[in-house]
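As a plain string of letters, each chain reads:
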Amino acid sequence: MVWNTNLRWRLPVTCLLLQVALVVLFGVFVRYDSDADPHWIDSKMQQNSTSDLENEFYYRYPSFQDVHVMIFVGFGFLMTFLQRYGYSSVGFNFLLAAFGIQWALLMQGWFHSYHQGYIHVGVENLINADFCVGSVCVAFGAVLGKVSPVQLLIMTLFQVTLFSVNEYILLSLLEVKDAGGSMTIHTFGAYFGLTVTWILYRPSLHQSKERQSAVYHSDLFAMIGTLFLWMYWPSFNSAVSNHGDAQHRAAINTYCSLAACVLTSVALSSALHKKGKLDMVHIQNATLAGGVAVGTAAEMMLMPYGSLIVGFICGIVSTLGFVYLTPFLEARLRIQDTCGIHNLHGIPGIIGGIVGAVTASCASSDVYGVKGLAIAFGFDGFKTNWNASMQGKFQAAGIFVSLAMALVGGIIVGIILKLPFWGQPADENCFEDSVYWEMPEEPKSTVLHPEDSTLKPSEP
Amino acid sequence: MVWNTNLRWRLPVTCLLLQVALVVLFGVFVRYDSDADPHWIDSKMQQNSTSDLENEFYYRYPSFQDVHVMIFVGFGFLMTFLQRYGYSSVGFNFLLAAFGIQWALLMQGWFHSYHQGYIHVGVENLINADFCVGSVCVAFGAVLGKVSPVQLLIMTLFQVTLFSVNEYILLSLLEVKDAGGSMTIHTFGAYFGLTVTWILYRPSLHQSKERQSAVYHSDLFAMIGTLFLWMYWPSFNSAVSNHGDAQHRAAINTYCSLAACVLTSVALSSALHKKGKLDMVHIQNATLAGGVAVGTAAEMMLMPYGSLIVGFICGIVSTLGFVYLTPFLEARLRIQDTCGIHNLHGIPGIIGGIVGAVTASCASSDVYGVKGLAIAFGFDGFKTNWNASMQGKFQAAGIFVSLAMALVGGIIVGIILKLPFWGQPADENCFEDSVYWEMPEEPKSTVLHPEDSTLKPSEP
Amino acid sequence: MVWNTNLRWRLPVTCLLLQVALVVLFGVFVRYDSDADPHWIDSKMQQNSTSDLENEFYYRYPSFQDVHVMIFVGFGFLMTFLQRYGYSSVGFNFLLAAFGIQWALLMQGWFHSYHQGYIHVGVENLINADFCVGSVCVAFGAVLGKVSPVQLLIMTLFQVTLFSVNEYILLSLLEVKDAGGSMTIHTFGAYFGLTVTWILYRPSLHQSKERQSAVYHSDLFAMIGTLFLWMYWPSFNSAVSNHGDAQHRAAINTYCSLAACVLTSVALSSALHKKGKLDMVHIQNATLAGGVAVGTAAEMMLMPYGSLIVGFICGIVSTLGFVYLTPFLEARLRIQDTCGIHNLHGIPGIIGGIVGAVTASCASSDVYGVKGLAIAFGFDGFKTNWNASMQGKFQAAGIFVSLAMALVGGIIVGIILKLPFWGQPADENCFEDSVYWEMPEEPKSTVLHPEDSTLKPSEP
């Protein structure tokens, strides 16, 4: 099946329409929050605060920048491992994230920061918008190489919307804690993406198989993504936690979990190869599973050894997933998961939700202190009658809600994306930049990329 | 015309002389400012401050590091897109920036931090030195591939000097606000660089044409530069704003403008290609124009939708510039702008100056609050009689002063650099690392870089 | 000599055993420190502190993240310069650092943070663990390409242990100041690594000579490492300094020293080449020597011009070392130093120790103020009788202790690593990823890596 991949009018019109709509909606709804407004000087004096540092900016901005790097460089370069899809990996990730953060500022704003007719945005909104887009980047990993940028924009539009609804249900209705987003970001993002790619199943994808692997330097580019994700994950999981000890604890737990995860990923990668050799795919991905799986519990009293155990398990499970589960999903369930997000975000996300539920139900004032417990779980105000075990049950419910939203949403969005006029590439031209990008002239010899000569152009 | 490009004595002597001079001048003039001096403990106790956090270090250091990354990795890697000029792009940028920040500490110090015979340096001086060097990096983009490292050091010496004079006129005499440097950094840097490259016009540059394009992996290296510039631009525009809400607001405005700019850059890039394909040059450059153009107004009440509009326009204008203006400038005006800085820094810089002037003239105590307005524009002390419209006019004047300084300075420096003994490469050896770098041995076959065999060595 | 490099059981077992041991030890010993514990709210109220910002997290976390990037991306990518060893450089560095930080949290914790049976970890412990691993990354540079990942884990186990003992002797017994670790990290790490590689001398290493150089793109990957190390070094040297002016001063001094070092490195690199061409090895490494050499004195009153002088000297010494000393060490002393760590960490580390000793012995209350001096050197409590000259002598003693520990430790660890069952590669297969990594299929032609065809596989 050969479709028209010339996006000359579809992509520009989509981008411009979306951006015009965003300008109008921002004009109607978005204002600065009080910490970013020039009247802040007045409220500071009213509160008798003597220090400019009390501005939320100084609590969150360094974490925000780390998260920002994860979304744009981390996810973008992680996906450059494909030999001929580097432009698209980095470029389309850039495009969808730039659109997604604007739309997320609105969607999340309406749910969480809407006061007197306006959305008030501050640095915490910027972080949350990046988080929301993180879940789209996760889903992008499943469909990588098989969709057009127009499809990605459409998917982002819907996924950000669904994410915000799901997040509202979890955080505001179920009052679930999910600082690092094991459920809201990773579980939701992964199963949404897997459902979409299941709907978009391509029976002849083997025709692009030779481009679905790495070359030497593309693997090194991917390691840039891996390392920036790995290093900044403590900021990710602590970015929106409560001030003080909660942010501090979330960073420590994530640091520990990730470190343990590296050792078990390496161990399994070597053990599962007949000559004991390491596989770059595992090093690039499974080492990160520990960060996903402490997302929910990072700010809780998981304890450093608890974090190590979580990382230990996830390194093993994730590597096993790459070796056994991904081929199974493709062969039997017709789920073509390009980046193996099921192993990096799906299973670890669910593990993270479970760890969070268990840790929450074990919370007690012995461990947290009376005041500490009230602050950590918001057991005050109208939640005074709650207790830890109830919190644990709601946490567990959050996993199922996220899964349900992902599956239902993924089916609907997948069907929309299956429509034949979005400019998707033919099966034999998947994982190939030249479909959507003006390519530099290669040296005359085609030695470097012999597959090029077999590329069947699908443009009219 | 073949000149001697053997720099064996010229480059070492230039570097060593400059560095010795810097050591002497630092010895005579530079001391720590009070927040970096051990006596700080005394002044802290006098001010009854109980917290070490009131040290300026904690307000500015995270932003400083982000700006530092932009200058060295951002600009350095952005210019690695050329297939055979990666060493020079990163390496010469490294060299000129390392020299430039030292000289800028002195020049800016004499103008702004000179007390009782000494320049007092603190973290804000480090940021401003990086800013100043940013304008040199911009100008480097215009002459990239066509000059020797000795020429770059000479250019840096003069440009930093002129930058500091221009900055003094704008910030201290005209009392212009220019937090992100749309005028002082981008407009000045771009038109200075364009004037220099105009003076250095090379009629036979087409002989190096085949090396003036990218190869696959060089474009991915360049995306590292693009993304670090894009992600950290909110820090750039907010780094030296007033504490509190001004820094906060500058970050939000820049975040919004950059996001919008990505969508319109992609839209235009696709619309202007006959098959609707995207061009890496636009994605690498035009997406950043939004950051340039909110530089002046970022800390003002531009409003989030105002920022989106600025980004929207700049993505379009900048991409159009790459497609139509750059070839025109080269063919008709003999301005050979290697990186297209006119589209990324020139026009967006002027737009930024205009946006700043308009936003400033619309300022009122309704929007800012009485105290807020006084703080934002310094309408106190001897400026009590000023008003917003006056501020707007001075802002506009700043654009013209910057342009005039850039043109006059660029002509003088261009003529100096045209002297035949700086070791510049011959026209047929431009954009080629091997002129100034010891190269690794290539594999015996020359398939990878067929142009190598045609390289005419110009060394004696 | 051909050994079995199939690590199928050795690497997994080593990783899993170490990680299980770490989990158990963390369970027994590691708890959150008071700033990361939910009871922090209580202690905050007791201390009448009104601001959450007084949590240590906000003083140190941005610096921690910068240091984290240096260890994983900085050191990892710096070593990717080898044409066929990029996977191993980044991947093994990742593995050893992930193991090392966990072990360092324990070892350093027992020495410095052990209270009532528990190690209390907070953000400062995370930084110190990264520092400790930094010294292992330094030593890795000497043996790069010649050891198996199992050997690296064994080396890390011992080196972290020895590092912690040495650090305890210097910081707690000798009461030496060493904020940026010129002695504890760089001198110790470099001479430890050099001693290990001396013991592991390979007489037939010339058989791998053609892989011991760079290719074009591998040098650009290495520049990513260089630049992130260079840019974040001010954070490295200031990360654990006293709050306030000491952190501030350490950052300024390091910034100055590094800038000067770039110019003299470039000068010498060009002067020492017969055609005046620059050598990427010098730009990648010698430019960093200035950061190493201000490590000890960065927080002292070295003065900005003093920092410039230190950087000036180190750029020269380090580049000379690469040109003359490294070949001499290899030919005459049988020390095969792959990355030239002697020039980047060894000599500059010793210079740093000396600069620190001299600067400390010049300290006086004229320069520091009475309170400032007491705070800077801890001249209070039981050290009231100390003076600056005494401090200087102890500083000097610290250099010799570090050297002695490095040499004795290096010999012992080297002998252990020489045992023939760790899976080390044969001499003709050094510097080759394919020994330990599943490699992507190369294009059919071997033009790109002609050496591949000569690779003699040593697997059974």
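Before going into details, it helps to say that this report is about the structure given with it. A quick note: this is a predicted structure, and the numbers were derived from the prediction, not measured. (Residues numbered from 1 in each chain as written. Chains lettered and ligands numbered in written order. Predicted model: local features only at pLDDT ≥ 70, side-chain atom pairs only at ≥ 80, totals over all residues. Heavy atoms only, no water.)

## Brief notes about the interface of chain B and chain C
Part 1 of the reasoning: With 85 residues of chain B at the interface, the matching set in chain C holds 73 residues.
Part 2 of the reasoning: Buried surface at the junction of chain B and chain C, summed over both partners, amounts to about 6700 Å²; 74% is from carbon and sulfur atoms.
Part 3 of the reasoning: For chain B, the biggest contributors to the area lost against chain C are Tyr32, Pro38 and Phe94 of chain B; these three give 11% of the whole.
Part 4 of the reasoning: Run the count over chain B and chain C and you get one salt bridge.
Part 5 of the reasoning: Between Lys371 of chain C and Asp42 of chain B there is a salt bridge, with the nearest N and O atoms lying 3.8 Å from each other.
Part 6 of the reasoning: Counting across the interface, chain B meets chain C through 27 residue pairs in polar contact (both at pLDDT 80 or more).
Part 7 of the reasoning: At the level of secondary structure, the elements contributing two or more residues to the side of chain B that touches chain C comprise α1 (10–29), β1 (30–32), α2 (40–46), α3 (56–78), α4 (86–112), α5 (123–143) and α8 (216–238) of chain B.
Part 8 of the reasoning: In terms of residue class, the side of chain B that touches chain C is made up of 54 nonpolar, 16 polar and 15 charged. (Contact = heavy atoms within 4.5 Å. Buried area = accessible area lost by both parts, 1.4 Å probe. Salt bridge = Lys/Arg side-chain N within 4 Å of Asp/Glu carboxyl O. Polar contact = N/O pair within 3.5 Å; in protein donor to acceptor, adjacent residues only side chain to side chain. Helix = DSSP H or I, 4+ residues; strand = E, 2+ residues; numbered from the N terminus. Nonpolar A, V, L, I, M, F, W, Y, C, P; charged D, E, K, R; others polar.)

## Section: a nonpolar patch on the surface
Residues and elements named next belong to chain A.
Part 1 of the reasoning: On the surface, a cluster of nonpolar side chains totalling about 350 Å² of accessible area is made up of Trp9, Val13 and Leu17.
Part 2 of the reasoning: Position of Val13 relative to the elements: it lies in helix α1 (residues 10–29).
Part 3 of the reasoning: Residue classification places Val13 among the partly exposed residues on the basis of a relative accessible area of 42%. (Patch = residues over 30% accessible without salt bridge, like charges linked within 9 Å, V, L, I, M, F, W, Y side chains within 5 Å. Areas by Shrake-Rupley, 256 points an atom, 1.4 Å probe, with all protein chains shown as cover. Buried < 20%, exposed > 50% of the residue type's maximum accessible area, 1.4 Å probe, protein only.)

## So, the interface of chain A and chain B
Often the size quoted for an interface is simply the accessible area lost on bringing the parts together.
Part 1 of the reasoning: Listed per partner, the contact involves 85 residues of chain A and 73 residues of chain B.
Part 2 of the reasoning: Carbon and sulfur atoms make up 74% of the surface buried where chain A meets chain B, a total of about 6700 Å² over both sides.
Part 3 of the reasoning: The three residues of chain A that bury the most area against chain B are Tyr32, Pro38 and Phe94 of chain A, which together make up 11% of that side's buried surface.
Part 4 of the reasoning: There are 27 residue pairs in polar contact (both at pLDDT 80 or more) connecting chain A and chain B.
Part 5 of the reasoning: Elements with a minimum of two residues in the side of chain A that touches chain B: α1, β1 (30–32), α2 (40–46), α3 (56–78), α4 (86–112), α5 (123–143) and α8 (216–238) of chain A.
Part 6 of the reasoning: Looking at the side of chain A that touches chain B, the element that brings in the most residues is α3 of chain A, giving 12 residues.
Part 7 of the reasoning: Per-class residue counts for the side of chain A that touches chain B are 54 nonpolar, 16 polar and 15 charged.

## Here we look at the relation of the copies chain A and chain B
Between the two chain copies there is a screw-like relation: a rotation about an axis and a shift along it.
Part 1 of the reasoning: Expressed as a screw operation, the relation of chain A to chain B combines 0.0 Å of axial shift with a rotation of 120 degrees, fitting to an RMSD of 0.0 Å. Between the two chains, the operation in question is that of a three-fold axis. If distances are taken from each C-alpha of chain A to the rotation axis, the shortest is found for Pro62 of chain A, at 3.7 Å.
Part 2 of the reasoning: Looking at chain A, a mere 11% of its interface residues are interface residues in chain B too, so the copies touch through different faces. (Least-squares fit on C-alpha atoms with pLDDT ≥ 70 in both.)

## A look at the nonpolar core
Part 1 of the reasoning: Residues Phe228 of chain A, Phe228 of chain B together with Phe228 of chain C are the most contacted members of the largest nonpolar core, which totals 473 residues.
Part 2 of the reasoning: With residues up to four places along the chain from it excluded, the contact list for Phe228 of chain B reads Val69, Val73 and Phe228 of chain A, Val69, Met70 and Val73 of chain B together with Phe228 of chain C. (Core = buried A, V, L, I, M, F, W, Y, C linked by side-chain atoms within 4.5 Å.)

## As for the sheet that holds strand β3 (residues 118–121) of chain A
Residues and elements named next belong to chain A.
Part 1 of the reasoning: If you walk across this open sheet you meet the three strands as β1-β3-β2, and the pairing is mixed. At either end of the open sheet lies a strand with only one pairing partner, and these are β1 and β2 (114–115).
Part 2 of the reasoning: When β2 meets β3, the two strands line up antiparallel, connected through two bridges. Across the sheet, residue Tyr114 finds its bridge partner in β3, namely Ile119.
Part 3 of the reasoning: Contacts between α4 and the sheet are confined to β1, β2 and β3, with β3 contributing the most and set at about 110 degrees to the helix. (Pairing = 2+ DSSP bridges. Axes fitted to C-alpha atoms, helices over the stretch in contact; angles between N-to-C directions.)

## Digging into the pattern of salt bridges
Part 1 of the reasoning: Inspection of every chain in the model, using the stated rule, returns 30 salt bridges over all chains.
Part 2 of the reasoning: Asp52 of chain B serves as the salt-bridge partner of Lys44 of chain B, at 2.6 Å between the closest nitrogen and oxygen.
Part 3 of the reasoning: On the accessibility criterion, Lys44 of chain B (11% relative accessible area) is buried.
Part 4 of the reasoning: Relative accessible area serves as the criterion here: at 18%, Asp52 of chain B is assigned to the buried category.
Part 5 of the reasoning: Ionic contacts of the salt-bridge type, sharing partners, join the residues Arg84, Glu210, Arg211 and Glu432 of chain A into one network.

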